[in-house]
Amino acid sequence: MYNMTCHGLKMYTKVLLRSLDRLVSVYKGSESVFLVSFLRKKCDIDVTRSSREFCIEKNINNAAGKLAHNQKPDWNKAVSEAEEIVGYSTSVLTWLLSDDIANVALHLRKLDGSNHPLLDTANQRALAEVTQMIRTYHLVHKSMVNIYPGMYPEASILNNMIFGNKIALLSGDYILANVSGILANMRNHEILDLIGHSLRDLAEGEFIGRRDQQNNPLPSPQGVRDAAQDWTHRNVLSAGNLLGRACQGTLKLAGHGRELQEQGYNFGKHLILAWQACVDLEPFIPGSQYVSGSLFNLTSAPVLFHLQHDPSLFNEIDKGLNSIQNVDFEKIHSIVSKGPGIFLTKQLQKNHSQKVMEVLQVFQESDARTAIRNIIMAMSHY
């Protein structure tokens, strides 16, 4: 059993919340709603009594299923209480534009080269910032439109689309340039190597499998031979490795050994996979915000599992080789909802949540660990 200080795990929670600010979303019609709210209280506020009511079961085999007083966990509440422990807003833009932070940064520069422990803490916070900024830059670049000849006959519309692409490109590059500067200032080649690998994985994830003309992913017959493996590979590259290596780097900066750092990587990776399974399930859950006929991810776990069971669904999916707009999403939704993919995705989510819970047992009990556990449990009941 490894030990970790409350301060170290608190920094661990910061990396998690920074990433969730951009990674966590649910469908609400055609819009994406981010669930992480701004910080409302200052540092070192204890978790309230109600937060502890979410999880008091010590047995990890039953942790995701048993709640104090049979209370169903609330996602927004769990995240808000975790933000109280972190002690500041999980919005990178709000933080960067804060006058107070600018003043603190001026004073921190005076400590440069002094090896004061405070500098280690400021590198951990910077790593959390970098994680969110990388995710943001990636999403901004993905918003670019692939303009092909004849796509926009009207010159005014074409010019607007080209201008929008330029803004997306420059904005993403600006964020990435700032990421490079922050990483350089850390003066830690191992952290640079970890984050560098994450950037490579993000790029590689954009070239997996079939794509339509706008680079929207499509499942392939080869991939669904082992749907779970294909789904895992896609999501580890697109997000799992980023959060996993960020958590690994946090433990590195806290002075922990390589074995515990690997546990940190596993924590971040499985957390992302558990959450992605939840996101994939959302359109197929009764009472969800999904609007009939609207688009959803055709490489989501329920669809891939169904294709493994019934490849005939490719007859409809293949209509989207030019554009996924040509696919009858209402038809696919109806077919997948009645198949085995929903149950298998729920099992997938449960398995990854269980692995996250197992990693948490490595760390000492603290408010930060309780907050992370509450988030996982709320996610399992979302």
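Residues numbered from 1 in each chain as written. Predicted model: local features only at pLDDT ≥ 70, side-chain atom pairs only at ≥ 80, totals over all residues. Heavy atoms only, no water.

A. Here's a closer look at the overall build of the chain. On a plain count of helices and strands, the chain comes out with 16 helices and four strands. For the chain, the proportion of its 382 residues judged to be buried stands at 48%. The long-range fraction of contacts in the chain, counting pairs at least 24 apart against all pairs at least 6 apart in sequence, stands at 76%. Put simply, the chain shows about 18500 Å² of open surface, and 54% of that area lies on carbon and sulfur atoms. (Helix = DSSP H or I, 4+ residues; strand = E, 2+ residues; numbered from the N terminus. Buried < 20%, exposed > 50% of the residue type's maximum accessible area, 1.4 Å probe, protein only. Contact = heavy atoms within 4.5 Å. Areas by Shrake-Rupley, 256 points an atom, 1.4 Å probe, with all protein chains shown as cover.)

B. Examining unusual backbone geometry more closely. One non-glycine residue, Arg187, adopts positive backbone phi at about 55 degrees. Within the fold, Arg187 resides in the loop between helix H8 (155–186) and helix H9 (189–205). Look at Asn215: it is not a glycine, yet its phi comes out positive at around 70 degrees. Looking at where Asn215 falls in the secondary structure, it is placed in the loop between strand E3 (210–211) and strand E4 (217–218). A residue is classified by how much of its surface remains accessible, and Asn215, at 32% relative accessible area, is partly exposed.

C. Structural context of the packing of aromatic side chains. This model, assessed by the stated rule, comprises three aromatic pairs. Taking the centre distance of 5.3 Å and the plane angle of 75 degrees together, the rings of Phe284 and Phe296 count as edge-to-face. Taken together, the residues Phe284 in the loop between helix H11 (258–281) and helix H12 (301–309) and Phe296 in the loop between H11 and H12 connect sequence positions 12 residues apart. With respect to burial, Phe284 and Phe296 carry one shared label: buried. On the basis of relative accessible area, Phe296 is assigned to the buried category, the value being 6%. (Phe/Tyr/Trp six-rings, centres within 6.5 Å; stacked < 30°, edge-to-face > 60°.)

D. The arrangement of helix H16 (residues 367–380) in detail. Its 14 residues place the ends of H16 20 Å apart at the C-alpha level, agreeing with the 20 Å of an ideal helix rising 1.5 Å per residue. For H16, the tally of buried residues reaches 13 of 14 residues, placing the bulk of the element in the interior. (Expected span 1.5 Å × (residues − 1).)

E. Here's a closer look at the environment of Ala228. Along the polypeptide, Ala228 turns up in helix H10 (residues 227–253). Residues Ala228 and Leu348, spaced 120 residues apart in sequence, show a C-alpha to C-alpha distance of 8.2 Å.

F. Up close: the packing of H11 against H16. Where H11 meets H16, the closest approach of the two axes is 10 Å, and the angle between their N-to-C directions is 30 degrees. Here H16 runs roughly parallel to H11, going by the angle between their axes. Crossing angle aside, the handedness with which H11 passes H16 is left-handed. Each of Phe267, Leu271, Ala274, Trp275 and Cys278 in H11 lies in contact with H16, whose residues at this interface are Ile372, Ile376 and Met379. For the contact of H11 with H16, a count of residues per class yields eight nonpolar, no polar and no charged. (Axes fitted to C-alpha atoms, helices over the stretch in contact; angles between N-to-C directions. Parallel < 35°, antiparallel > 145°, perpendicular 65-115°, else oblique. Left-handed = near helix turned anticlockwise from the far one by under 90°. Nonpolar A, V, L, I, M, F, W, Y, C, P; charged D, E, K, R; others polar.)

G. Expanded view of the nonpolar core. Counting 28 residues, the largest nonpolar core has Phe296, Leu298 and Ile332 as its most contacted members. Here this core takes five residues from H12, the largest share from any one element. Filtering out sequence-adjacent residues up to four positions away, Ile332 remains in contact with Phe296, Leu298, Leu313, Glu316, Ile317 and Val327. Counting residues in each nonpolar core, the second largest holds 22 residues, with Leu243, Cys247, Leu260 and Ile372 among its members. (Core = buried A, V, L, I, M, F, W, Y, C linked by side-chain atoms within 4.5 Å.)

H. A look at the confidence of the model for the chain. Predicted confidence across the chain gives a mean pLDDT of 76, with 70% of residues reaching 70 or more. Below a pLDDT of 50 lies the segment residues 1–8, which in the model reaches 18 contacts outside its immediate sequence neighbourhood of four places, other chains included. Between residues 19–70, whose pLDDT stays under 50, and residues either more than four places distant or in other chains, the model counts 123 contacts. (pLDDT = per-residue confidence, 0-100.)

I. Molecular detail of the pattern of salt bridges. For the structure on display, the rule yields 12 salt bridges. A salt bridge links Glu190 to Lys252; the shortest N-O distance between them is 2.9 Å. With Glu190 in helix H9 and Lys252 in helix H10, this residue pair connects regions lying 62 residues apart in the sequence. The residue Arg234 makes a salt bridge to Asp230 at a minimum N-O spacing of 3.1 Å. With Arg234 and Asp230 both in helix H10 and four residues apart, this pair spans about one turn of that helix. Using a relative accessible area of 12% as the deciding quantity, one classes Asp230 as buried. (Salt bridge = Lys/Arg side-chain N within 4 Å of Asp/Glu carboxyl O.)

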